[in-house]
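# Inside the fold
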Amino acid sequence: MSIKVNANELFEILKATPDKQNIMLMGKHGIGKSQILTEFFSAQGRKVVPLFLGQMSDPGDLIGLLHKNEKNGKTEFMPPYWFPTDGQPVVLFLDELNRARPEVLQTIMDLALNRTLAGRSLPKGSRIISAVNNGDEYQLTDLDPALVSRFNIYEFCPAPREWLLWAQKNSIDKRVIDFIAQNESYLDGDVLDGSMEKSPDRRAWERVSDIINGVETQALNDIYKKIVAGIVGAKAASMFFESVKNSRVISPSLLLSQDFESLKSVLATYKTPDFAILNDGIFRTLETAKFTDKKSEATAKNLRLYFSFLEERNAREAMAHFANMFGGTAYPNSLMFIIRWAPSLYERITKFIMEIR
């Protein structure tokens, strides 16, 4: 039974695990294993060296090539291009470990156990992290139990909410974010064994965003539909464009910044699922945005008016959804924003939570 971890749990594991212990991440392709590791360690000022083992044809690609030392007449391995020669520790990311040729895997054994490669030692403080795909749909190499034993193994299962926060921070197209928020099952689609049929994944949705970003919704014609279908598959593309066509939920940033009275007529047509989508968007916006004091005051005012609107309509399910997000651990910045800038709203939410308990 694999140990499943989301992104936040992975961060805590990386912090708590000593450098000398190796970590192996299992998971599907396209879920952001390499990206999240690179961002985490780069933020600490540590260099990440990715090695795509599935692309290496022989051990020489990993350990370097033999040459004759003219001083002693002996042969030795020249350092490969990636090997740190400045004495600074690195994070060595062994991607596609279970796609590597058996002879390459043999070279990894000593590296994983002793931090040495062809007689050279990695700088003190270096880390080794590997990533493997798991599933019958992949063409994989069986890993030797002795090699596996050198790693702490976790199945990386980043939650859709974590991806949505990342997408908000990285300016992914709002229509993609809204679609995934409403259809989380389409974030990571199932791959059909042996099939060329496309299925969605996180990298694919990022490519969709790159293509449609800046294109007005009414300009998304049949060519765009075919382009997107070639990225995420026909079924996901069809669902995406249907969602875009029928979308009626206003932008959270609009709700937080525009004159609230002008939005009430639209909000009056919403049902509970619409409010849930809007609530999600509000908290993602609060979590990722950087407000000036003046903008914070205006945003806090609209938040209070929005919650009052839900109270006036007796939309208790929508209020409960809002309060549930407020009381969780996924949006700490949002919680601090409300405590600081809308303390009266904090009191009302707290009172509401006590009442429903």
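Before reading on, note that the structure itself is shown above.
These notes cover the structure that comes with them. Here the structure is a predicted model, which is why all the values come from computation and not from measurement.

Here helix 15 (residues 316-327) is twelve residues long and its end C-alpha atoms lie 16 Å apart, about the 16 Å a rise of 1.5 Å per residue gives. On its buried side, helix 15 packs onto helix 13 (272-288), helix 14 (293-312), helix 16 (332-341) and helix 17 (343-356).

This part takes up the environment of Leu66. Mapped onto the secondary structure, Leu66 falls in strand 4 (residues 66-68). Classification of Leu66 by relative accessible area gives exposed; the value is 53%. C-alpha separation for the pair Leu66 and Phe77, spaced eleven residues apart in sequence, amounts to 4.4 Å.

If you walk through the whole model with that rule in mind, you get 17 aromatic pairs. Their ring planes at 45° and their centres at 5.8 Å tell us that Phe179 and Tyr186 sit as a pair that is tilted. A residue is classified by how much of its surface remains accessible, and Tyr186, at 14% relative accessible area, is buried. Taking the centre distance of 5.6 Å and the plane angle of 65° together, the rings of Tyr270 and Phe275 count as edge-to-face. For the pair Tyr270 and Phe275, one class covers both residues: buried. By way of ring pairs, the aromatic residues Phe179, Tyr186, Trp205, Phe240 and Phe241 are connected into one cluster. Positioned over the ring face of Phe241 is Lys225, at 6.0 Å from the centre of the ring.

Enumeration over the complete set of coordinates arrives at eleven salt bridges. The salt bridge partner of Asp19 is Arg46, with a shortest N-O separation of 3.6 Å. Note that Asp19 is positioned in the loop between helix 1 (7-16) and strand 2 (22-27) and Arg46 in the loop between helix 2 (33-43) and strand 3 (47-52), a separation of 27 residues in sequence. A salt bridge links Arg348 to Glu311; the shortest N-O distance between them is 2.7 Å. Placement of Arg348 in helix 17 and of Glu311 in helix 14 is noted, with a sequence separation of 37 residues between them. When its relative accessible area of 23% is taken as the criterion, Arg348 is described as partly exposed. Residue Glu311 is classed as partly exposed on the basis of its relative accessible area of 35%. Counted as one network, the salt bridges with shared partners bring together Asp19, Arg46 and Arg127.

We now examine unusual backbone geometry. A positive phi is found at Arg115, a non-glycine position, where the angle reads about 60°. Residue position: Arg115 is located in the loop between helix 4 (102-114) and strand 7 (116-117). Arg115 gets classed as buried once you look at its relative accessible area, which sits at 12%. Its identity as a non-glycine residue notwithstanding, Ser171 has a phi of 60°, on the positive side. Tracing the sequence through the fold places Ser171 in the loop between helix 6 (160-169) and helix 7 (174-182).

Analysis parameters
- Residues numbered from 1 in each chain as written.
- Predicted model: local features only at pLDDT ≥ 70, side-chain atom pairs only at ≥ 80, totals over all residues.
- Heavy atoms only, no water.
- Helix = DSSP H or I, 4+ residues; strand = E, 2+ residues; numbered from the N terminus.
- Expected span 1.5 Å × (residues − 1).
- Contact = heavy atoms within 4.5 Å.
- Buried < 20%, exposed > 50% of the residue type's maximum accessible area, 1.4 Å probe, protein only.
- Phe/Tyr/Trp six-rings, centres within 6.5 Å; stacked < 30°, edge-to-face > 60°.
- Lys NZ or Arg CZ within 6 Å of the ring centre and 35° of its normal.
- Salt bridge = Lys/Arg side-chain N within 4 Å of Asp/Glu carboxyl O.

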